[in-house]
Amino acid sequence: MYLPTQFEATQELAIELMREHPLASLISVDNAGLPFVTHLPLHLEQRGAQLLLSGHCAKANPHWRYLQANPRSVVTFMGPQAYLSPTVYPDLVRVPSWNYLAVHCVVGATLIETASDKEALLHQLIAEHESAHAAQWQAQSDEFKRNMLAAIVGFELKVESLQCKIKLNQHRPESHQKMFAAYANGSAEEKALAQWMRRLKLVLD
């Protein structure tokens with residue numbers, strides 16, 4: 001992605017963003033040579049210096065076949081985003097913009113196809129999003145679980161490289177106090193951007 005140096009963020013911030021906003025866009029190339037996109041939650045795991053993303057799609061979704069044919073894909077995560085009014089500046093010779101947070105990863109995919117490995121993947125996702133659901137899943141009949149697991153294909157995505165873009169007008173410090181005040185009193189997305197401004201110390205407490 002286009003990434004001016006003033007908006008480039010560290011891997012540590014990228015990890016925070018991916019964990020807070022796990023719904024990702026998995027992008028592969030289909031048989032016609034066009035991008036094929038699936039939106040799905042991904043579980044992030046660190047094994048030493050290596051980042052791994054794991055998830056699953058319906059077996060009826062052809063995406064897993066595209067991963068099988070060409071394991072290299074792109075995964076994107078989008079964090080909070082909101083309009084930026086030019087009224088945050090002390091002068092009027094300005095234009096509107098948009099602030100947002102995003103992570104792009106180049107990944108290499110390995111399919112997870114055995115029932116036991118897919119169930120282990122489901123346990124990871126359940127533990128991350130609703131640990132109480134584990135008891136309900138375990139209480140299901142073996143036939144139900146077998147049918148559910150047969151209907152999905154899992155995958156592990158090894159992150160080969162990533163870019164993290166945090167666009168919060170970092171290069172325009174004259175806007176920060178007024179921008180923060182507007183976001184802190186705005187929508188949920190705007191409030192989230194205000195919190196990120198605090199994290200990056202763009203405003204003082």
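Residues numbered from 1 in each chain as written. Predicted model: local features only at pLDDT ≥ 70, side-chain atom pairs only at ≥ 80, totals over all residues. Heavy atoms only, no water.

A short note on the sheet that holds strand β5 (residues 72-84)
Let me state the cut-off plainly: A pair of strands is labelled paired if DSSP reports no fewer than 2 bridges between them. Secondary structure elements follow DSSP: runs of H or I no shorter than four residues count as helices, runs of E no shorter than two count as strands, and numbering proceeds from the N terminus. Helix axes are fitted only over the stretch in contact, all axes being lines through C-alpha atoms; the angle between N-to-C directions runs from 0 to 180 degrees. For this analysis, residues touch if any pair of their heavy atoms sits within 4.5 Å.
In space, the seven strands of this open sheet follow the order β2-β1-β5-β6-β7-β4-β3, with antiparallel pairing throughout. The sheet terminates laterally at β2 (35-41) and β3 (43-47), the two strands that pair on one side only. Averaged over all pairs of adjacent strands, the angle between strand axes in this sheet comes to 35°, irrespective of strand direction. Of the pairings in the sheet, the one linking strand β1 (residues 23-29) to β2 comprises seven bridges and is antiparallel in character. Bridged to Ile27 within β2 is Val37. Across the face of the sheet, helix α3 (residues 115-129) comes into contact with β2, β3, β4 (50-58), β6 (97-112) and β7 (152-167) while running at roughly 105° to β4.

Remarks on helix α1 (residues 11-20)
Inclusion rule: Remark: exposure states derive from per-residue accessible area (1.4 Å probe, protein chains only) relative to the maximum for the residue type, with buried under 20%, exposed over 50%, and partly exposed in between.
Among the residues of α1, those classed as buried are Leu13, Ala14, Ile15, Leu17 and Met18. Of the surrounding elements, those touching the buried residues of α1 are β3, β4, β5, β6, β7 and α7 (188-199).

Focus on the packing of α3 against helix α5 (residues 142-150)
Under the convention used in this document: Relative orientations are named as follows: roughly parallel for angles under 35 degrees, roughly antiparallel for angles over 145 degrees, roughly perpendicular for angles from 65 to 115 degrees, and oblique for any other angle. Asp, Glu, Lys and Arg are counted as charged, while Ala, Val, Leu, Ile, Met, Phe, Trp, Tyr, Cys and Pro are counted as nonpolar; the rest, among them Gly, fall into the polar class.
Look at α3 against α5: their axes get within 10 Å of each other, and the N-to-C directions meet at 90°. On the basis of the axis angle, α3 is roughly perpendicular to α5. In contact with Ala115, Lys118, Glu119 and Leu122 of α3, α5 contributes Lys145, Leu149 and Ala150. Grouping the amino acids of the contact of α3 with α5 by side-chain chemistry returns four nonpolar, no polar and three charged.

Some remarks on the nonpolar core
What counts is decided by this rule: Only buried residues count toward a nonpolar core, which is a set of Ala, Val, Leu, Ile, Met, Phe, Trp, Tyr and Cys residues joined through side-chain atoms within 4.5 Å.
Judged by nonpolar contacts, the single largest core of 44 residues is most densely connected at Met18, Leu42, Leu53, Val75, Phe77, Phe155 and Leu157. Counting residues in each nonpolar core, the second largest holds five residues, with Leu122, Ile126, Leu149 and Ile152 among its members.

Some words on the environment of Gln81
The condition is simple: Any N or O atom pair separated by 3.5 Å or less is treated as a polar contact, with the protein-specific requirement of one donor-capable and one acceptor-capable atom, and with residues adjacent in sequence counted only for side-chain atom pairs.
If you trace the backbone, Gln81 turns up in strand β5. Residue classification places Gln81 among the partly exposed residues on the basis of a relative accessible area of 28%. Side chain to side chain, Gln81 and Trp98 meet in a polar contact 2.7 Å long.

Here's the deal with the pattern of salt bridges
The condition that has to hold: In what follows, salt bridge is the name for a side-chain nitrogen of Lys or Arg lying within 4 Å of a carboxyl oxygen of Asp or Glu.
Across all of its chains, the model carries seven salt bridges by this definition. Glu45 is the salt-bridge partner of Arg47, the closest N and O atoms lying 3.2 Å from each other. Across the salt bridge formed by Arg94 and Glu174, the nearest N and O atoms sit 3.0 Å from each other. With Arg94 in the loop between β5 and β6 and Glu174 in the loop between β7 and α6 (176-184), this pair connects stretches of sequence that are 80 residues apart. For Arg94, a relative accessible area of 24% gives the class partly exposed. A single network of salt bridges, built from pairs that share partners, joins Glu16, Glu20 and Arg199.

Topic: the packing of aromatic side chains
Describing an aromatic ring pair means giving the distance of the ring centres and the angle of the ring planes. Under the convention used in this document: Each pair of aromatic rings taken from Phe, Tyr and Trp, with Trp reduced to its six-membered ring, is defined by centres within 6.5 Å and is described as stacked if the planes are under 30 degrees apart, edge-to-face if over 60, and tilted in the remaining cases.
Enumeration according to the criterion identifies three aromatic pairs in this entry. Between Tyr83 and Trp98, the aromatic rings sit 6.0 Å apart at their centres with planes inclined by 70°, giving edge-to-face as the arrangement. Here Tyr83, found in strand β5, pairs with Trp98, found in strand β6; they are 15 residues apart in sequence, far enough to count as distant. Looking at Tyr83, the relative accessible area reads 40%, which means it is partly exposed.

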